[in-house]
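Descriptive analysis of the structure
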Amino acid sequence: MQIRVLTAADIRAALSMTAAIDAVGRAYAQLSAGKATMPLRSRFHTQKGVTLLMPAHLHDSGDFAVKIVSVYADNPKLGLPTVAATVLALDPQTGMPLALMEGDSLTALRTGAAGGVAARYLARADAENVALFGAGVQARAQLQAAMAVRKIERVWIVDPFESTARRLADDIAGWPDAPAVTLADSPQSAVAQADIVLAATTATTPLFDGNELKPGTHVTGVGSFTPQMQEIDANTIRRARVVVDQRDAAMAEAGDIIIAKATIDAEIGEIINGDKPGRQNDEEITFFKSVGLAVQDAVTAGAVLKAAEEKGLGTVIQMS
């Protein structure tokens, strides 16, 4: 038995953001069509932290994987990251392991791709200005995904740490077809000028006043992931058409949805499948909420593995 081991660098070299967006779109479509098996996350608590198990199998595409995420608050004292993730890709025909992947990079890729899918179907075709809340790995991936589906000309970064925001701005300047980047004077000024608002933070209270949104703005929120966390306020929810990655997951985990008592109009997979419309006019405000699903990990892992095999990436280990 052989298994391919893929590092963060291998994952980045294997799959483009555009390809990841296509893959995650396929996952959403299968999930909303009832063609995916995705049990609830299992949580195992130890004295020091918690480990989550996230399995998923997509019936049509055959993608099959389990993500293992550990959150240990004391790890930095040991020189280790607080959060560590690993993805194991499996053969759906035999159950044999195919690849072991560094999970943090894959998670950033698939989460960015989720926002890219939403922007593809919900942002105006002429959207070009972005308000980016957050300046970390997830925010970077969200912007890359938006740039993959829309011609982004200008970005306003909103982050409480100016040095972090400036590092991201300097990094963006070196990207191909880089947009102009400004550190926003205030959340209000950024939102008022934006066609797309991207929120990827660990905020527990709303980042901006939804009354500042222009008609026709699209908002994506990927940061809040518990019922108590809220990046997006009730004013945005009131004004927007609300789309989620999965109804049950959003109603159980998304504070943005739960606190505002939002009415969910559609799952993004229903829009991809043609069961619900995408953007309906240029004045509509849309909001996409993703809490992150195991089907995203499984389909992205499958796409990464296929590309890695074609490009000869990773290290193949003989296990028996």
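Refer to the preceding data block for the structure.
Residues numbered from 1 in each chain as written. Predicted model: local features only at pLDDT ≥ 70, side-chain atom pairs only at ≥ 80, totals over all residues. Heavy atoms only, no water.

1. Considering the packing of helix α3 (residues 103-122) against helix α11 (residues 294-311)
To keep it simple, the criterion reads: Angular values range over 0 to 180 degrees, each being the angle between N-to-C directions of two axes fitted as lines to C-alpha atoms, with helices fitted over their stretch in contact. Comment: elements are numbered from the N terminus, with helices defined as DSSP H or I runs of at least four residues and strands as E runs of at least two. By the definition adopted for this analysis, an angle is roughly parallel if under 35 degrees, roughly antiparallel if over 145, roughly perpendicular if from 65 to 115, and oblique otherwise. Crossings are classed by handedness, with left-handed meaning an anticlockwise turn of the near helix from the far one by less than a right angle and right-handed meaning a clockwise turn. In this analysis, two residues are considered to be in contact whenever any of their non-hydrogen atoms come within 4.5 Å of each other. All amino acids are sorted into three groups, where Ala, Val, Leu, Ile, Met, Phe, Trp, Tyr, Cys and Pro are nonpolar, Asp, Glu, Lys and Arg are charged, and the leftover types, Gly among them, are polar.
Running from N to C, α3 and α11 point in directions that differ by 110°, and their axes come no closer than 10 Å. The orientation of α3 relative to α11 falls into the category roughly perpendicular. Two packed elements cross with a definite hand, and for α3 against α11 that hand is right-handed. In this structure, α3 contributes L106, T107, L109, R110, T111 and A114 to the contact, and α11 contributes Q296, D297, T300, A301 and V304. Partitioning the contact of α3 with α11 into residue classes produces five nonpolar, four polar and two charged.

2. Focus: the environment of A165
Applied cut-off: Relative accessibility thresholds used throughout: buried, under 20% of the residue-type maximum; exposed, over 50%; partly exposed, between the two (1.4 Å probe, protein chains only).
Here A165 lies in helix α5 (residues 162-173). Assessed through its relative accessible area of 2%, A165 is described here as buried. Between the alpha carbons of A165 and L90 there is a distance of 38 Å; along the sequence they are 75 residues apart. Look past the residues within four positions of A165 in its chain and what remains in contact with it is A135, I157, D159 and L183.

3. Side note on the side chain of T111
Relative to the elements of secondary structure, T111 occurs in helix α3. The buried category is assigned to T111, whose relative accessible area is 8%. Residue contacts for T111: discarding those within four places in its chain leaves Q138, Q142, V222 and Q296.

4. Quick word on helix α2 (residues 17-32)
This is how the line gets drawn: What a helix is expected to span follows from its residue count: subtract one and scale by 1.5 Å.
With 16 residues, α2 should reach 22 Å at 1.5 Å per residue; the first-to-last C-alpha distance of 22 Å fits that figure. Residues of α2 that are buried: M17, A20, I21, A23, V24, G25, A27, Y28, A29, Q30 and L31. Note on α2: the residue one or two positions beyond its end, G34, has a positive phi of about 75°.

5. So, the environment of D63
The criterion, for reference: Any pair of nitrogen or oxygen atoms within 3.5 Å is treated as a polar contact; in protein, a donor-acceptor pairing is required on top of that, and neighbouring residues in sequence qualify only through side-chain atoms on both sides.
Along the polypeptide, D63 turns up in the loop between β4 (49-58) and β5 (64-72). For D63, a relative accessible area of 13% translates into the label buried. As for D63 and A36, which are separated by 27 residues in sequence, their C-alpha atoms are 9.5 Å apart. The residues contacting D63, other than those within four sequence positions of it, are A56, H57, L58, A298, V299 and G302. At 2.6 Å, the side chain of D63 forms a polar contact with the side chain of S61.

6. Thoughts on the packing of aromatic side chains
As a reminder, the rule being used: Aromatic rings from Phe, Tyr and Trp, taking only the six-membered ring of Trp, are treated as a pair when their centres fall within 6.5 Å; an angle between ring planes under 30 degrees marks them as stacked, one over 60 as edge-to-face, and anything in between as tilted.
Inspection of the entire model under this criterion finds two aromatic pairs. Arranged with centres 5.4 Å apart and planes meeting at 35°, the rings of F133 and F208 form a pair that is tilted. With F133 in strand β8 (residues 129-133) and F208 in the loop between β11 (196-199) and β12 (218-221), this residue pair connects regions lying 75 residues apart in the sequence. Comparing F133 with F208 shows no difference in burial state: the two are buried.

7. What to know about the packing of α3 against helix α4 (residues 137-149)
Packing of α3 against α4 leaves a shortest axis separation of 8 Å and a crossing angle of 40°. Considering the angle they form, α3 stands oblique to α4. In terms of crossing hand, the pair formed by α3 and α4 is right-handed. Between α3, through T107, A108, T111, G112, A113, G115, G116, A119 and R120, and α4, the contact on the second element is made entirely by V137, Q138, A141, Q142, A145 and V149. Here the contact of α3 with α4 is composed, by residue class, of seven nonpolar, seven polar and one charged.

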